[in-house]
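One-letter residues, chain by chain:
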Amino acid sequence: MLYQSTFTQPHFPELVELAVIGTGLGVLRSNLVFVKKVAAFWDSTHWQISPPPFLNIQSLAYTNAIAAWSRSETTPEWLNDLNPEVKRPMKRSLKYLFKTGDTFFHPQEGEKRLGLSNQDWWELTQHQSASTQVIAIRHLNTDQELTQHQESVLLDKLQSSERATTLNAITTTERLSSRQDNEISDSLTGQMRTLIHHRDDEIRAKAMCALTTVNRIDSSAIDAAATMIEDDIRHVVFAGVYALTTVEQLPDYISPSFDRSFVKALKSCDYEFVGLFAKGYDRWHDDPKQHLEQLLSDSPEFLPIAMDALDQTPQQVVNIG
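None of the values given here were measured: they were computed from a predicted structure.

Caption draft 1: Spatial organisation of the overall build of the protein chain. Along its length, the protein chain carries 15 helices and zero strands. Out of the 321 residues in the protein chain, the part that is buried amounts to 45%. Taking as baseline every contact in the protein chain between residues at least 6 positions apart, the subset at least 24 positions apart corresponds to 63%. Of the roughly 17,400 Å² that the protein chain leaves accessible, carbon and sulfur atoms contribute 50%.

Caption draft 2: Representation of the packing of aromatic side chains. Tallied over the full model, the rule gives seven aromatic pairs. Both rings, one in F238 and one in Y242, keep their centres 5.8 Å apart while their planes meet at 5°; by these two values the pair is stacked. Taken together, the residues span about one helical turn, with F238 and Y242 both in helix α11 (residues 234–244) at a distance of four residues. The class of F238 is buried, set by a relative accessible area of 10%.

Caption draft 3: Quick peek at the side chain of E17. Among the structural elements, E17 can be located in helix α1 (residues 13–30). What makes E17 buried here is its relative accessible area of 8%. Within polar-contact distance, the side chain of E17 engages the backbone nitrogen of L55 at 2.7 Å.

Caption draft 4: Seen up close, the nonpolar core. With 63 residues, the main nonpolar core has I170, M208, L244, F258, F262 and F277 as its most contacted residues. Look past the residues within four positions of M208 in its chain and what remains in contact with it is I196, I217, A221, A224, A225, M228, A239 and A243. Core analysis: the next-biggest nonpolar cluster, separate from the first, contains 16 residues, L60, A61, I66 and W69 among them.

Caption draft 5: Spatial organisation of the side chain of S129. Considering the arrangement of structural elements, one finds S129 in the loop between α4 (118–124) and α5 (130–139). Once residues within four sequence positions are removed from consideration, S129 is found in contact with D102 and T103.

Caption draft 6: A look at helix α12 (residues 255–267). The terminal C-alpha atoms of α12, which comprises 13 residues, lie 18 Å apart, in line with the 18 Å expected from a rise of 1.5 Å per residue. Among all positions of α12, only S257, F258, D259, S261, F262, V263, A265 and L266 are buried. Where α12 is buried, its residues meet α10 (219–228), α11, α13 (271–284), α14 (288–295) and α15 (303–311). C269 occupies a position one or two residues after α12 and carries a positive phi of about 55°.

Calculation criteria
- Residues numbered from 1 in each chain as written.
- Predicted model: local features only at pLDDT ≥ 70, side-chain atom pairs only at ≥ 80, totals over all residues.
- Heavy atoms only, no water.
- Helix = DSSP H or I, 4+ residues; strand = E, 2+ residues; numbered from the N terminus.
- Buried < 20%, exposed > 50% of the residue type's maximum accessible area, 1.4 Å probe, protein only.
- Contact = heavy atoms within 4.5 Å.
- Areas by Shrake-Rupley, 256 points an atom, 1.4 Å probe, with all protein chains shown as cover.
- Phe/Tyr/Trp six-rings, centres within 6.5 Å; stacked < 30°, edge-to-face > 60°.
- Polar contact = N/O pair within 3.5 Å; in protein donor to acceptor, adjacent residues only side chain to side chain.
- Core = buried A, V, L, I, M, F, W, Y, C linked by side-chain atoms within 4.5 Å.
- Expected span 1.5 Å × (residues − 1).

Here it is in structure tokens:
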């Protein structure tokens, strides 16, 4: 059915699954549980880069609720045929949708909603629907420097209490500020620096990566990054190492922490991180091999791995998923 309809994005498994449910075959799909627990993707706003392979239970439930809501089915006949694990959260989601209508998806409007002007998207950031706000934030654009109003809109969204709003506001601020001749303002920078101390791990990691991309890592961000690299959560560690490896020189008081984290990556055979750490050593030391020889004098079994990572530093590509 999808092939005959010239479905344009078969390379996104999630979109295929959404389409299957949208065409009315949701019961069949929802009774096949491929994923009990989805891996933790460090950046949920970059879905196009690293989409999950299948819908998990919560996503199946919400998608079925959208399918029923879009057909005005308050109690669909097929509800009782759903897998019980999907049925329960689906009923809650369906009740929420009929109560609030909080979704950007409105089938009667088709693709017209995505063909809005830049000005329309900026205005939709103030929409009462949280879902619509998030979609609007993702579409924000400008052909020139941010106006004072646009900057205040982004600042407001960065300060939001809604997690999804904050995460997508960080993405958009980074994207608009990393353009040529469009430097990030002091007020937006200040808020981003506040977010690197956020209680939510994904928000603080994403804010740190954004500050790194727009080249606004200061001494306070360096201290925060030093704390991040000793965390147990992988994407938090990545954000800290990524930030630190961009500074010209690592402060002496942070070096022991960086060394400990590097050894930890070696012991866990995390070769992606080993390569990223090696990039820092290569940047900061006149003779990085000598430093690693001294560092690993008590663990000589790790030295070949460290040296190999150092030799590959110019070509090293890190892909965190």
